[in-house]
Each structure stands twice: as C-alpha cells, then as structure tokens.
Amino acid sequence: MATMQFREALRQALREEMHRDPRVFLMGEEVGEYNGAYKVSEGLLAEFGPKRVIDTPISELGFAGIGVGAAMVGLRPVIEFMTFNFALLAIDQVVNHAAKMLHMSGGQFSVPIVFRGPSGSAGQLAQQHSQSFENWYANVPGLKVVSPSTPRDAKGLLKSAIRDDDPVLVMESELMYGMKGEVPESEDFLIPIGQADIKREGSDVTIVCFGKMVHVALEAAALLEKEGLSAEVIDLRSLRPIDYATIIASVRRTNRMVVVEESWPLGGMAAEVAFMVQRHAFDYLDAPIVRITGADTPMAYAPTLVEAYLPNPRQVIEAAKYVAYQL
C-alpha cells in the first residue's frame, strides 16, 4: 500500500495499463506537453512518447470520434475530457456510436474505449461548468459508468475500465484530485465494475451515494453517531450497472434509506435507486425513502448560492432523522 493523491492513483493506473498493453493510448486536450489540465497525465508523454500520449485540438467531437474508430479496429483509447461539461460536444460519438456500435454491427465491432475526466461542481465555475451528467450516460444501454470517490477506487476502477471490452465512462470530481488515500501498488489490483462498496457500516439507516457525495454522507454519518443514530454509507461506485443487491440487503437490515446525489432531482440516479428499493424491499421499509439532490435550478456563481445549491451534511442528517422519526 502507498499513500497517494487521487490524481496520482489515476496516473498509476494509466501507466500500468500502458505498460501492460501496447494498444492503450491517451488522447485529449493538454494531456501531453502540459502534463494534463489536472496533472493526471504528468510525465506520461516523456515516458511513452507522442504516439501514445496525444495532444488534440479543442474539438471534443473530433477526438472522441477518432477514439471510437481506433477502438473499433483493435486499439484501447483513453479519451480525456477536460470536463464532462465539454463532453456535451461529443455526446453523439459517445451515445450514438460508442454505445451502439456492437449492436449495430451485429457483434462484429466492439468499442473498448474509456472516456474520463472531471464531473460536477468544482466551486465558483457557474452554470456551464458545474453540471453532473452521470445519470444521462447511465441511462444509455451499451455504456458503463463509474464514479470513484477515493484514490483506491480511482485506480481499481480505471484499470478495470481500460481492460473492459465495452465503452466505459470514468466520471471523477475535480475537487478530489488532491485527496490522499491508501492505494494498493499491485499491478493486478482491480475493482470490478458493478460492485458497490459499504464505506461505513450501520444499523439504523442506509445512505446511498456516489462520487464526492460519499464524503458528505460520511461526515453526516459521523455526526449522527454522536447523536445515537447508526448510518450505513453505501458508495455505488458503478452507476451502470448498479449493484442493487448490496443496497437492498442493507435496507433489509436498516429498514430506512436516504439517497444523496449532486445532480438535479428529475430523472436522477436517486430516483432510480429509490424505485428499485421500493420494488424489491417495500415490506422492509419503516419510513418513506428520502432523496437529497442538487437544487432544481442552474448553478449560480455566487459562493453563497453555490453552498445553497449543493447537498450538505446538515441535509443528510435531517433526512436520516426524518426517516428514523427523530424530527
């Protein structure tokens, strides 16, 4: 085990997979000469050269399409979007080509490609640079979507994504790139896509979350413990496929659930999880499910409005107390 930053864990995953498989290459804006917009790819250009670490023009649609074509003929591209807000410009390639090619070709062409980069709010970046689109992509058959919340998960999930024969989106948080944590140094360390993780065990309420909302939930759980309420925190990690079994098993123990998601409420991951729990664990629920999401409005620039927009530990604590009938 080694202590490293989130960005270092991603870099280690990239480096290990590029050494392991010569078909793996990295492409995106500023990934080479600038060492990456968030320094995830620092040093990789010098190590692997310009044929495997490729700086692109500011043309997300263009280089995403090149990546899809490269994957179809046997390479394994890792496409970095400087932010998934910019991936909207390439959504046709992701949704209409990468996701559908295996089906449209009758199984003749798989698309083993990874699209990765930061998602969600990163402070005062206003409406066009603060959006969480995990649920958009998770809605699409043919795609896999993961959202790591720790350096350990970042390494294990990215390595699994690169080895996967389907297109995988690795949606990170810009605010977590400097976060430190223990990471296995083994080159064989993988985290299976589709496997949730119980980040904290508890007996009174299940809190389901992913990405940086995991840390909001963990902070709330620690404060709830001081008040005598034991919260179990489940990190989805994988948003397509979802590990429903882990969630349902937890709710059958705790009999209550709160779901926390950064994105907007309508049609979100929280709504999907809530539906599946009421479908498969209705008789175990002792209270209505509560979901906490970002505000149903575009993100503002003012710091006070950013704070009001995002889910916070206080909201999670109030929701947990509500489902436990302690309010």
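Below or above, wherever it landed, is the structure these notes cover. (Residues numbered from 1 in each chain as written. Predicted model: local features only at pLDDT ≥ 70, side-chain atom pairs only at ≥ 80, totals over all residues. Heavy atoms only, no water.)

### Re the environment of Leu158
Moving on, step 1. Take Leu158: it is sitting in helix H7 (residues 151-163).
Moving on, step 2. Judged by its relative accessible area of 0%, Leu158 falls in the buried class.
Moving on, step 3. It is 18 Å that separates the C-alpha atoms of Leu158 and Val68, two residues lying 90 residues apart in sequence.
Moving on, step 4. For Leu158, the contacting residues outside a window of four places in its chain are Leu10, Ala13, Leu14, Val114, Arg116, Asp153 and Val170. (Helix = DSSP H or I, 4+ residues; strand = E, 2+ residues; numbered from the N terminus. Buried < 20%, exposed > 50% of the residue type's maximum accessible area, 1.4 Å probe, protein only. Contact = heavy atoms within 4.5 Å.)

### Some words on helix H10 (residues 269-281)
Moving on, step 1. Between its terminal C-alpha atoms H10 stretches 18 Å, which fits the 18 Å expected from 13 residues at 1.5 Å a residue.
Moving on, step 2. Close packing links the buried residues of H10 with helix H6 (134-138), strand S10 (205-209), strand S12 (238-240), helix H9 (244-254), strand S13 (257-260) and strand S14 (290-292). (Expected span 1.5 Å × (residues − 1).)

### Observations concerning the pattern of salt bridges
Moving on, step 1. Applying the stated criterion across every chain yields a total of 23 salt bridges.
Moving on, step 2. In this structure, Asp197 and Lys199 form a salt bridge, with 2.8 Å as the shortest nitrogen-oxygen distance.
Moving on, step 3. Among the residues examined, Lys199 registers a relative accessible area of 23% and is labelled partly exposed.
Moving on, step 4. A cluster of three or more residues bridged by salt bridges with shared partners is formed by Glu16, Glu17, Arg20, Lys155, Lys159 and Arg163. (Salt bridge = Lys/Arg side-chain N within 4 Å of Asp/Glu carboxyl O.)

### Observations concerning the sheet that holds strand S6 (residues 144-146)
Moving on, step 1. Reading across from one edge, S3-S2-S4-S5-S7-S6-S12 is the order of the seven strands in this open sheet, with mixed pairing throughout. Where the open sheet ends on each side, the last strands, each with one partner, are strand S3 (53-55) and S12. Averaged over neighbouring strand pairs, the angle between their axes works out to 20° when direction is ignored.
Moving on, step 2. Contacts from H7 reach strand S2 (24-28), strand S4 (76-80), strand S5 (114-118), S6 and strand S7 (168-172), with the element oriented near 150° to S5. (Pairing = 2+ DSSP bridges. Axes fitted to C-alpha atoms, helices over the stretch in contact; angles between N-to-C directions.)

### A closer look at the nonpolar core
Moving on, step 1. Ranked by internal contacts, the top residues of the largest apolar core, which has 46 residues, are Phe81, Phe115, Tyr137, Leu169 and Ile247.
Moving on, step 2. Sorting the residues of this core by element identifies S2, helix H3 (60-72), helix H4 (91-98), H6, S7, H9, S13 and H10 as the ones contributing at least two each.
Moving on, step 3. Setting aside its immediate chain neighbours within four residues, Leu169 contacts Phe84, Val94, Phe115, Tyr137, Leu143, Lys144, Val145 and Val146.
Moving on, step 4. In terms of nonpolar packing, the next biggest core, distinct from the first, is built from 33 residues, Met4, Val78, Ala161 and Val168 among them. (Core = buried A, V, L, I, M, F, W, Y, C linked by side-chain atoms within 4.5 Å.)

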